[in-house]
Amino acid sequence: MAHTPRSLTPSSAFLDATNHAIHERMARAETPPSGTPEDYPGQSHLWSNTTRAAEEIAEELRDLALDLHAHPELAFEERRSAEALARVVEKRGFAVERGAHGVETALRAERVSEGFDPATHPTIAVMSEYDALPGIGHACGHNIIAASGVGAFLAATAALGDTDARVVFLGTPAEEGHSGKEYMIRGGMLDGVDAAVMIHPFSFDIASHAWVGRRTLSVTFRGVAAHASSQPFMGRNALDAATLAYQGMGLLRQQMPPSDRLHAVITDGGRRPSVIPGEARMDIYVRSSLTATLMDLSSRIDDVLDGAALMAGVSVDKTWDTHPMSLPVRNNETMAVRWAVTQSARGRRALPAGVVPESLAASTDFGNVSHLVPAIHPMVKIAPEGVALHTEEFARWAGSEDGIRGLNDATAGLAQVIIDLVSDPRLLLAAREEFERAGGEVRVERATS
Ligand SMILES: [Zn+2]
Ligand SMILES: [Zn+2]
């Protein structure tokens, strides 16, 4: 007989209070500087060239975004989507490399001026994601990311004329639950790149939003199977270790920093009650807002798992980073301010860091990019406040006219930031200095060693 608790609906009181606080902070938040052509040489004629170029391809980008939305593909299987992106780029005369940097569904194209010298001229990369989620399609809106990356590359290159610079378009697959960008980084994706940009759709416009780092962990406890009735004393129960570990992690949560997240499922806990489980398996995700706190939390989890195994008298095998870890996103504020200026020119107010709280954060493999080069990952509002990523509702917004408006503003904004970085050496230098002050280059391999 089924027993239903009085209400299955979690209280929205915390979310309501959070949203109220966001609005209070929004009212007080600084409006981004408007930016003048004298301060930002790139903004004048090149910006209007960019806007015009973006408008010229708007219809094609819309078709691309809606086509991807109608044909969602999962991580590492985005063959049709990658081909659709490649065709739009090739139509403008660029050679597109498939299988770039060692990932089958990855793409790369470049615009390089005739007099380009990597020692003195800048290289800026713009990224497109295009994977979807099982069952709910483009519920993370990567179709909008995909089309905006293509659009920004084409609009920026059209506006640049013969300016000496390199602009790199990167199609970066397998963000959801994997780390496509980390594989591409190991394949040389960022070699020679000075700065990187991409956007993510959301329910707020935000210039710098927190994205927490994430590690994955697969665990197997091994004990001794036995008849649960006739000889339980001859067994060592692996499921006991899994449940002790699960509870140990639950208790650990009280001591974690508020932005840390810890989730676990038991994927194998035995087959029949009459058999003491000789094996049990768990999958665990560990998240934190700083690389150092992520590593600290990881070592606490190691202890909990070892302790659980010791108590149950079983062995434990831990495989960390079954997919390479995602570092937290390190937003480059120097570049984020330029993003906010582009968005205010489009009638949007991209909020600074701290208005939307860090607690509303997920993870992205772009974190790894942002620890190797100065980078931004701003959020573009395409859905009403309160609509969360990874929901059917967000998927609908990713195929809506609001989604297309976000795409157009993102395309122009990214292209203009690229133009600014290319045409204003002081901006790129300031972005680099900020990156060094924030700790400089961090490679995932170094973070885990
Ligand atoms: Zn997602
Ligand atoms: Zn996403």
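- Under an unreviewed UniProt entry, the name given to the protein chain is Peptidase M20 domain-containing protein 2, and the source organism is Corynebacterium doosanense CAU 212 = DSM 45436.

### Notes on the packing of aromatic side chains
- Within the structure shown, the criterion is met by 4 aromatic pairs.
- Centroid distance Phe153 to Phe169: 5.9 Å. Interplanar angle 45°. Geometry classified as tilted. With a gap of 16 residues between them, Phe153 in helix H5 (residues 142–160) and Phe169 in strand E4 (residues 166–171) connect regions that are remote in the sequence. In this structure, Phe153 and Phe169 share a single accessibility class: buried.
- An aromatic cluster of three or more residues is present, and its members are Phe94, Phe153 and Phe169.
- The lysine or arginine in question, Arg214, covers the ring of Tyr285, its NZ or CZ lying 4.5 Å from the ring centre.
- Over the aromatic face of Phe435 sits the side chain of Arg330, whose NZ or CZ is 5.0 Å from the ring centroid.

### Observations concerning the UniProt feature "domain: Peptidase M20 dimerisation" (unreviewed entry) in the protein chain
- The UniProt record marks residues 215–306 with the feature "domain: Peptidase M20 dimerisation" (unreviewed entry), using the residue numbering of this structure.
- Segment residues 215–306 splits into 34% helix and 33% strand. End C-alpha atoms: 18 Å apart.

### Details of the coordination of the zinc ion (ligand 2)
- Surrounding the zinc ion (ligand 2) are the protein donor atoms Cys140 (SG), His142 (NE2) and His200 (NE2), which sit 2.1 to 2.3 Å from the metal.
- Spacing between the donor residues of the zinc ion (ligand 2) along the chain follows C-x1-H-x57-H.
- Between the zinc ion (ligand 2) and the zinc ion (ligand 1), a separation of 3.1 Å is found, and both are coordinated by Cys140. For the residue pair Cys140 and His142, the accessibility class agrees, reading buried in each case.

Calculation criteria
Residues numbered from 1 in each chain as written. Chains lettered and ligands numbered in written order. Predicted model: local features only at pLDDT ≥ 70, side-chain atom pairs only at ≥ 80, totals over all residues. Heavy atoms only, no water. Phe/Tyr/Trp six-rings, centres within 6.5 Å; stacked < 30°, edge-to-face > 60°. Helix = DSSP H or I, 4+ residues; strand = E, 2+ residues; numbered from the N terminus. Buried < 20%, exposed > 50% of the residue type's maximum accessible area, 1.4 Å probe, protein only. Lys NZ or Arg CZ within 6 Å of the ring centre and 35° of its normal. UniProt positions renumbered as here; feature names shortened; annotations may be inferred. Donors = N, O, S within 2.8 Å, 3.2 Å for Na, K, Ca; no water.

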